[in-house]
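Descriptive structure summary
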Amino acid sequence: MIPGYYFFRGRYALGHFLKSLNLPKDSQIAIQAFTCVAVVEGIALSGSKPIYIDILEKDVVMDPADLLKKLTARTKVVVVQHTFGRVADMNQISALCRERGLILIEDCCHTWSSKSGSKEVGSFGVASFYSFEWGKPVIAGIGGFLRLNDQSLGPALVKHLHAEVIEPPLFRRVQLELQYIAFRLFFRPKFYWKLRKLYHFLSKGRLITASYNPSGEESPESKWSMSKWARLRLKTFDKKLARLKTHSSALSQVYDHILGAFDLPRKADGVFAHRFPLFVKNKEELLKLASKKEIEIAGWYDSPIHPLKGSELNKVGYLEGSCPNAERASSTLISLPTHLTISKCEAEKIANFVKNYGN
Ligand SMILES: *Cc1c(COP(=O)(O)O)cnc(C)c1O
């Protein structure tokens with residue numbers, strides 16, 4: 001495991017790093033649309049505002065041309081997201097950032113190991129951030145991680161963190177351990193849809209906290225570190241990642257083989273597939289049927305800033321129509337699982353389901 005700093009969540013890793021940069025008050029942070037509200041929450045913590053860059057057509061990563069078009073004098077930072085482990089065009093984006101004096105950060109919450117050429121993601125910008133929660137490649141429980149590539153920024157960040165970040169309270173740590181145990185016991189393909197429904201039910205009733213905070217107010221969690229108990233699970237990080245890489249590439253091959261005729265984002269070398277994305281015309285109908293037949297396929301993201309819809313999008317500064325590719329992807333993209341609880345046989349079942357009912 002590379003050295004870095006731990007936070008209660010990935011979004012706070014981003015937030016604290018941005019805060020430590022002491023940007024001017026009205027600064028803008030460029031992020032891609034077709035993302036989740038967690039990134040927006042991280043930016044909000046720093047007091048800056050997000051601006052939204054479209055993704056490439058038929059892909060899930062930032063369009064460098066749209067980035068160039070939308071930059072303003074107030075844009076100070078670009079956060080590049082490697083969605084589902086697919087790598088953004090780092091040559092073009094890095095060059096643009098250098099030219100314009102922009103700070104480059106990578107959102108690696110979907111990958112630890114994808115490569116662009118011979119260079120691993122997470123090493124292009126001044127910093128990159130990661131997450132260990134349930135939907136991410138390496139799972140250790142709720143937690144986030146910041147990797148710092150520009151060590152000259154270290155002292156400012158450490159000073160800032162010393163003033164802010166503490167271990168979560170004991171009751172929360174116990175609750176998190178119970179949540180992790182429940183996850184290990186019940187996160188199985190046959191429970192997937194039942195768990196989703198249960199999760200939504202519980203988070204509405206506030207019995208568990210949903211992974212986004214719609215109120216917009218600063219959460220006390222932003223001041224916490226990743227629990228030290230959860231961090232213990234990272235002792236076997238290298239082994240976990242190696243297993244995952246082999247497994248996800250085997251499952252991707254199964255999907256690729258059966259679904260080759262579908263509209264897949266173009267292939268690239270060195271890609272670690274956190275999830276396997278593809279476009280279908282009947283997304284909504286297909287997901288409904290998958291829920292009925294208990295087939296694990298996911299619809300995220302189903303809005304340009306998942307899970308916000310309608311006027312909620314305006315509240316975070318997203319103008320409808322401003323990122324047409326992201327909007328189209330939200331209504332046509334599904335993703336197939338590549339994580340460890342899916343066997344090859346299960347993957348074949350999922351792929352055949354999509355082949356039979358998707359179009
Ligand atoms: C999950 C995720 C995050 C943030 O993760 P948390 O640990 O939940 O804050 C950020 N960016 C992307 C793309 C993610 O999927």
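Values in this document were obtained by computation on a predicted structure and should not be read as measured data.

1. Looking at the pattern of salt bridges
Applying the stated criterion across every chain, the model contains 15 salt bridges. Ionic pairing is found between Arg86 and Asp59, a salt bridge with its closest N-O pair at 3.0 Å. One end of the pair, Arg86, is in the loop between strand 5 (75–81) and helix 4 (90–100); the other, Asp59, is in the loop between strand 4 (49–53) and helix 3 (64–70), with 27 residues separating them in the sequence. With respect to class, Arg86 is no different from Asp59; both count as buried. Across the pair Arg173 and Glu167 runs a salt bridge, and its minimum N-O distance is 3.6 Å. Judged by its relative accessible area of 11%, Arg173 falls in the buried class. Among the charged side chains, a network of salt bridges with common partners joins Arg9, Glu133, Lys136, Arg172 and Glu221.

2. Observations concerning the sheet that holds strand 10 (residues 144–148)
What the seven strands build is an open sheet, ordered 1-10-9-6-5-2-4; its pairing is mixed. On the outer flanks of this sheet lie strand 1 (5–7) and strand 4, each paired with one strand and no other. Geometrically, the sheet is characterised by an average inter-axis angle of 25° between neighbouring strands, direction not taken into account. Sheet topology note: the strand 5/strand 6 (residues 103–107) ladder contains five bridges and is parallel. Paired with Val79 across the bridge in strand 6 is Ile105. The sheet contacts of helix 4 involve strand 5 and strand 6, and relative to strand 6 the element is tilted by about 150°.

3. A few points about the site of the ligand
Around the ligand there are 16 residues in total, and Gly10, Arg11, Asp107, His110 and Lys136 lie nearest to it. Here an oxygen atom of the ligand and a side-chain polar atom of His110 are 2.7 Å apart. Here Ser131 contributes a side-chain N or O atom positioned 2.7 Å from an oxygen atom of the ligand. Out of a free accessible area of 380 Å², the ligand has 96% covered by protein chains. Across the shell around the ligand, the residue classes break down as six nonpolar, five polar and five charged.

4. Some points on helix 10 (residues 283–293)
Listed in full, the buried residues belonging to helix 10 are Lys283, Leu286, Leu287, Ala290 and Ser291. Viewed end-on, helix 10 has its buried residues packed into an arc of 140°, placing them on one side of the element. Opposite the buried face of helix 10, by more than 90 degrees, sit the exposed residues Glu284, Glu285, Lys288 and Lys292. For helix 10, the elements touching its buried residues are helix 7 (192–204), helix 12 (324–332), strand 13 (333–337) and helix 13 (344–357). Immediately beyond the C-terminal end of helix 10, within one or two residues, lies Glu294, with a positive phi of roughly 55°.

5. Things to note about the pairing of strand 6
In terms of residue burial, strand 6 counts as a mostly covered element, since four of its five residues are buried. Handedness of the crossover joining strand 5 and strand 6 through helix 4: right-handed. As judged from the three bridges shared by strand 6 and strand 9 (residues 127–131), these two strands associate in the parallel manner. Residue pairing for strand 9: Glu106 is matched across the bridge by Ser128.

6. Topic: the packing of aromatic side chains
Here the distance between the centres and the angle between the planes together describe a pair of aromatic rings. Applying the stated rule across the entire model yields 21 aromatic pairs. Ring centres 5.5 Å apart and planes at 75° place the aromatic pair Tyr52 and Tyr318 in the edge-to-face group. Note that Tyr52 is positioned in strand 4 and Tyr318 in the loop between helix 11 (311–315) and helix 12, a separation of 266 residues in sequence. The pair Tyr52 / Tyr318 is uniform in exposure class, with both members buried.

7. Looking at the domain arrangement of the protein chain
Entries for the protein chain in the domain assignment read domain 1 (5–164), domain 2 (170–223) and domain 3 (236–357). Facing the 35 residues of domain 1 at the interface are 39 residues of domain 3. Carbon and sulfur atoms supply 64% of the area that domain 1 and domain 3 bury against each other, a total of about 3,000 Å² over both sides. Counting the contacts that link domain 1 with domain 3 gives one salt bridge. Of the charged contacts in the structure, one is a salt bridge between Asp263 and Lys58, with a shortest N-O distance of 2.9 Å. Listed by contribution, the elements that provide at least two residues to the side of domain 1 that touches domain 3 are strand 3 (35–36), helix 2 (37–46) and strand 4. Sorting elements by how many residues they give to the side of domain 1 that touches domain 3 places strand 4 first, with three residues.

Quick notes on the rules
- Residues numbered from 1 in each chain as written.
- Predicted model: local features only at pLDDT ≥ 70, side-chain atom pairs only at ≥ 80, totals over all residues.
- Heavy atoms only, no water.
- Salt bridge = Lys/Arg side-chain N within 4 Å of Asp/Glu carboxyl O.
- Helix = DSSP H or I, 4+ residues; strand = E, 2+ residues; numbered from the N terminus.
- Buried < 20%, exposed > 50% of the residue type's maximum accessible area, 1.4 Å probe, protein only.
- Pairing = 2+ DSSP bridges.
- Axes fitted to C-alpha atoms, helices over the stretch in contact; angles between N-to-C directions.
- Contact = heavy atoms within 4.5 Å.
- Near = heavy atom within 4 Å.
- Polar contact = N/O pair within 3.5 Å; in protein donor to acceptor, adjacent residues only side chain to side chain.
- Areas by Shrake-Rupley, 256 points an atom, 1.4 Å probe, with all protein chains shown as cover.
- Nonpolar A, V, L, I, M, F, W, Y, C, P; charged D, E, K, R; others polar.
- Arc of directions from axis to C-beta.
- Right-handed = clockwise from strand over helix to strand, strands pointing away.
- Phe/Tyr/Trp six-rings, centres within 6.5 Å; stacked < 30°, edge-to-face > 60°.
- Domains from an automatic or database assignment.
- Buried area = accessible area lost by both parts, 1.4 Å probe.

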